[in-house]
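Here's the letter readout for the chains.
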Amino acid sequence: MSKIIEHFQALTQIPHCSKVAERLLDYLIEFAKSRGYAAEVDQAKNILITKGKPSMCLQAHYDMVCMGKAPLIETYTQEGWMKAKEASLGADNGIGIAMMMALMDKTEELEFLITSDEEVGLIGANAVTFDLQSKYMLNLDSEDEAEVYIGCAGGADIVANKKDRYIEGKGQCYEVAVRGLPGGHSGVDIDKGISSAIKVLAEYLDKHKVTQLVSLDAGERRNSIPANAAAIVYSQVPLHGSPMVQVKQLDQKPKILKEGEKVLAMMDVFKQGVHAQNIELGIPDTSINLAIMKTDGKGNIVIETSARAMSAKGLEKLSKETVTFFKSYGFDVALEDKYPAWKPDVNDFTKLVSEEMAKVFGDSKLKAIHAGLECGVIAEKYPHMKFASIGPTIRYPHSTREMVNLKSVERTFEVLLGIVERTRP
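Residues numbered from 1 in each chain as written. Predicted model: local features only at pLDDT ≥ 70, side-chain atom pairs only at ≥ 80, totals over all residues. Heavy atoms only, no water.

Chemist: How should the state of the cysteines be read in this particular structure?
Modeler: Chemically, a disulfide is nothing more than a covalent bond linking the sulfur atoms of two cysteines. Summed over the entire model, instances satisfying the criterion amount to one disulfide. Disulfide partner of Cys-17: Cys-66, at an S-S distance of 2.0 Å. Across the S-S bond of Cys-17 and Cys-66 the torsion is about -95°, and the bridge reads as left-handed. Residue Cys-17 is found in the loop between helix H1 (3-12) and helix H2 (22-34), and its partner Cys-66 is found in the loop between strand E3 (56-61) and strand E4 (75-78); the two are separated by 49 residues along the sequence. Each member of the pair, Cys-17 as well as Cys-66, is classed as buried. Of the cysteine sulfurs around Cys-152, a residue in no disulfide, the closest is that of Cys-375, at 6.6 Å. (Disulfide = S-S within 2.5 Å. Helix = DSSP H or I, 4+ residues; strand = E, 2+ residues; numbered from the N terminus. Buried < 20%, exposed > 50% of the residue type's maximum accessible area, 1.4 Å probe, protein only.)

And the structure:
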């Protein structure tokens with residue numbers, strides 16, 4: 001087992017779900033100090049680790065999306081891929097952290113910026129206040145080998161709330177559920193044809209003309225394509241399951257939401273997925289993920305979505321459309337955790353990174369990604385720096401299918417070593 005994988009394996013055994021990653025923070029501080037590095041933590045729990053007078057800063061985030069059994073992670077290897085049993089793996093962005101640790105083992109003179117709570121709105125990156133000295137920043141959060149990312153989508157979380165009241169229902173009560181769909185990243189996987197459990201549930205209820213809603217418990221994370229969705233409903237005709245939908249008759253008579261019919265109609269017509277394609281970049285230009293729909297038994301209905309766009313103009317347009325849509329159904333709407341797009345830029349640093357990539361992989365592509373990398377936020381704070389992003393091949397992040405290619409990890413680290421060598425002061 002390589003040193004990087006050893007470090008990553010250790011990371012998987014330290015719980016670090018978003019917003020509850022203090023144990024990993026402490027572990028990384030101790031690790032760095034034991035190797036002679038200075039380390040400091042800011043109010044947002046970002047970590048800056050330094051040695052000497054570096055010209056390059058490596059950047060990654062130390063929180064992960066916990067799905068399935070995570071943070072209880074049991075790893076295994078299958079045909080060259082590392083996976084986790086019934087859990088997200090945390091290769092996003094644990095592999096990047098492990099590469100940093102391997103460089104600390106070598107006592108390389110670098111800055112390491114390790115940010116907090118990236119997966120829940122780039123919270124740490126938005127609050128970074130360190131006095132960074134480097135000319136270059138290399139983000140280690142990309143997920144395709146032989147590609148250098150020089151731009152990313154901006155995004156905003158759009159949250160809708162409504163207070164309803166309960167009335168008597170008619171007919172038979174059922175639980176209708178969609179469970180165990182693959183899920184995936186709401187940015188990089190949004191155009192891969194992955195079914196949303198919320199939309200599958202909505203289509204079933206619409207097809208069977210179900211209009212009486214008791215409760216909803218759908219979706220897992222704002223930045224994950226929903227893998228599970230369940231509703232308690234009444235129907236005046238018998239309901240039966242289908243290959244993707246489980247139906248259970250309930251021996252109870254709860255009250256229904258007065259405006260449940262509107263909620264179900266809205267859930268069905270919501271345009272999930274890619275709204276426009278960026279022909280020049282060959283990726284989605286704007287997209288939105290209907291991530292979470294929940295009721296609390298007290299009449300409160302909460303909807304959470306994640307909107308993404310490759311430009312500020314595109315994000316503003318999509319956000320306005322979404323706000324108007326929810327308001328038309330009587331919801332109060334707020335925009336949260338907005339972050340900027342990172343406009344693609346080719347410069348001497350991106351060319352250097354691409355050259356080192358080509359040396360190892362025989363090819364290199366400069367690309368943009370339809371996901372929120374922290375480069376966009378951090379670049380606004382440090383205009384003197386030049387940015388690029390690389391990473392090994394990771395598939396299905398933010399889901400229990402997450403996997404990382406072990407050969408790709410080693411080869412990407414070889415690229416990283418070449419970049420470190422060429423950027424020494």
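Chemist: Explanation requested: the pattern of salt bridges in the structure shown.
Modeler: Counted under the stated rule, the structure contains 24 salt bridges. For Lys-3, the salt bridge goes to Glu-6, with nearest N and O atoms at 4.0 Å. Taken together, the residues span about one helical turn, with Lys-3 and Glu-6 both in helix H1 at a distance of three residues. In this structure, Arg-222 and Glu-304 form a salt bridge, with 2.6 Å as the shortest nitrogen-oxygen distance. Of this pair, Arg-222 sits in the loop between strand E13 (212-218) and strand E14 (224-225) while Glu-304 sits in strand E20 (residues 300-309), and the two are 82 residues apart along the sequence. Both residues of the pair, Arg-222 and Glu-304, count as buried. (Salt bridge = Lys/Arg side-chain N within 4 Å of Asp/Glu carboxyl O.)

Chemist: What am I meant to see in the sheet that holds strand E5 (residues 81-84) here?
Modeler: Adjacent strands of a sheet form backbone hydrogen bonds with each other and so pair up, either parallel or antiparallel. The sheet built from four strands is open, its strands ordered E4-E5-E25-E24 with antiparallel pairing. The open sheet terminates on both sides in strands that have one partner only, identified here as E4 and strand E24 (394-395). (Pairing = 2+ DSSP bridges.)

Chemist: Which parts of the structure should I look at to understand the side chain of Asn-93?
Modeler: Residue position: Asn-93 is located in helix H3 (residues 91-105). Judged by relative accessible area, which is 2%, Asn-93 ranks as buried. At a separation of 2.9 Å, a polar atom in the side chain of Asn-93 contacts the main-chain amide nitrogen of His-61. Apart from the residues within four sequence positions on either side, Asn-93 is in contact with Ala-60, His-61, Asp-63, Leu-140 and Asp-141. (Polar contact = N/O pair within 3.5 Å; in protein donor to acceptor, adjacent residues only side chain to side chain. Contact = heavy atoms within 4.5 Å.)

Chemist: Help me understand the pairing of strand E2 (residues 47-50) in this model?
Modeler: Along any regular strand, the residues point their side chains to alternate faces of the sheet. Pairing geometry for strand E1 (residues 38-41) and E2, over four bridges, is antiparallel. Its bridge partner being in E2, Glu-40 is matched across the sheet by Leu-48. Connecting E1 to the antiparallel partner E2 that follows it, the hairpin turn spans five residues, and Lys-45 within it adopts a positive phi of roughly 70°. Pairing of E2 with strand E6 (residues 111-115), which is carried by four bridges, proceeds in the antiparallel orientation. Bridged to Ile-47 within E6 is Ile-114.

Chemist: Sorry if this is basic, but what is going on with the nonpolar core here?
Modeler: A general trend in soluble globular proteins is that nonpolar side chains are found buried together. Counting 64 residues, the largest nonpolar core has Leu-58 and Leu-138 as the members making the most contacts within it. Broken down by element, this core gets its largest block of residues, 10 residues, from H3. Among the nonpolar cores identified, the runner-up in size contains 42 residues, and Val-210, Leu-239, Leu-257 and Val-263 belong to it. (Core = buried A, V, L, I, M, F, W, Y, C linked by side-chain atoms within 4.5 Å.)

Chemist: What exactly am I supposed to notice about the packing of aromatic side chains here?
Modeler: For any pair of aromatic rings, the description consists of the separation of the ring centres together with the inter-plane angle of the planes. Throughout the structure, instances matching the rule amount to seven aromatic pairs. Pairing Tyr-136 with Phe-349 gives two aromatic rings, centres 4.7 Å apart and planes at 15°, and the pair type is stacked. Of this pair, Tyr-136 sits in strand E7 (residues 136-139) while Phe-349 sits in helix H8 (residues 348-361), and the two are 213 residues apart along the sequence. Following the ring pairs from residue to residue traces out a cluster consisting of Phe-270, Phe-325, Phe-326, Tyr-329 and Phe-331. Here the basic side chain of Arg-35 rests over the ring of Phe-31, its NZ or CZ set 3.6 Å away from the ring centre. The ring of Tyr-396 has Arg-401 sitting right over it, with the charged end atom 3.7 Å from the ring centre. (Phe/Tyr/Trp six-rings, centres within 6.5 Å; stacked < 30°, edge-to-face > 60°. Lys NZ or Arg CZ within 6 Å of the ring centre and 35° of its normal.)

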